[in-house]
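Coordinate analysis (summary)
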Amino acid sequence: MMVGEQSNFLKTAAGVNWDGRSDCSHSLMMGGTRESSGSGRIFNTTVVVHPINFRDANGLGIQGNCGPNRPLTSTHPGGINALFIDGSVHFLSESLAMDTLFNLADRDDGNIIPSGFQ
């Protein structure tokens with residue numbers, strides 16, 4: 001997996017919509033590297049920690065000034081779209097096992113992905 005969708009709002013404890021995309025409101029033009037001021041913020045990159053469509057804005061590593069653990073989310077019912085290195089697009093179900101999601105996100109872990117993983 002090379003690109004995963006982030007297109008739905010997360011919810012705060014008060015039930016308020018919160019923008020949880022990994023661009024941190026700076027858009028794709030910010031790139032995917034650390035910003036030059038040395039603050040440690042990394043844009044347009046997500047560490048897969050949460051299940052697909054996890055929507056709790058207070059989850060581990062989500063809040064803060066561009067938290068790195070922003071979840072893969074979408075407004076489609078049941079999952080997200082993901083782009084793979086071979087150019088294919090797959091719909092990944094929110095019931096996808098976390099270990100399979102980790103393996104899809106880690107390009108060189110050597111683990112075998114089960115067939116029909118969606």
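Residues numbered from 1 in each chain as written. Predicted model: local features only at pLDDT ≥ 70, side-chain atom pairs only at ≥ 80, totals over all residues. Heavy atoms only, no water.

Things to note about the overall build of the chain
Summing up its helical and strand segments, the chain has 1 helix and 5 strands in all. Walking the chain from its N terminus toward its C terminus, one meets helices and strands in the order β-β-β-β-β-α. Looking at the chain as a whole, 33% of its 118 residues are labelled buried. Of the contacts formed within the chain by residues at least 6 apart in sequence, a portion of 45% connects residues at least 24 apart. Carbon and sulfur atoms make up 56% of the accessible area of the chain, which amounts to about 6800 Å² in all. (Helix = DSSP H or I, 4+ residues; strand = E, 2+ residues; numbered from the N terminus. Buried < 20%, exposed > 50% of the residue type's maximum accessible area, 1.4 Å probe, protein only. Contact = heavy atoms within 4.5 Å. Areas by Shrake-Rupley, 256 points an atom, 1.4 Å probe, with all protein chains shown as cover.)

Points about the sheet that holds strand E5 (residues 89–93)
Read from one edge to the other, the open sheet built from 3 strands follows the order E1-E4-E5, with strand pairing classed as antiparallel. The open sheet has two edge strands, strand E1 (3–4) and E5, and neither has a second partner. By the bridge criterion, 5 bridges tie strand E4 (residues 79–83) to E5 in an arrangement that is antiparallel. Residue pairing in the sheet places Asn81 in a bridge with Phe91 of E5. (Pairing = 2+ DSSP bridges.)

Considering a nonpolar patch on the surface
Together, Met2, Val3 and Ile85 line one region of the surface with nonpolar side chains, adding up to about 330 Å² of accessible area. Among the structural elements, Ile85 can be located in the loop between E4 and E5. For Ile85, a relative accessible area of 73% translates into the label exposed. (Patch = residues over 30% accessible without salt bridge, like charges linked within 9 Å, V, L, I, M, F, W, Y side chains within 5 Å. Salt bridge = Lys/Arg side-chain N within 4 Å of Asp/Glu carboxyl O.)

Structural notes on the environment of Asn58
Tracing the backbone shows Asn58 in the loop between strand E3 (17–18) and E4. For the pair Asn58 and Thr12, spaced 46 residues apart in the sequence, the C-alpha separation amounts to 6.5 Å. Excluding its chain neighbours within four sequence positions, the residues that come into contact with Asn58 are Thr12, Ala13 and Gln63.

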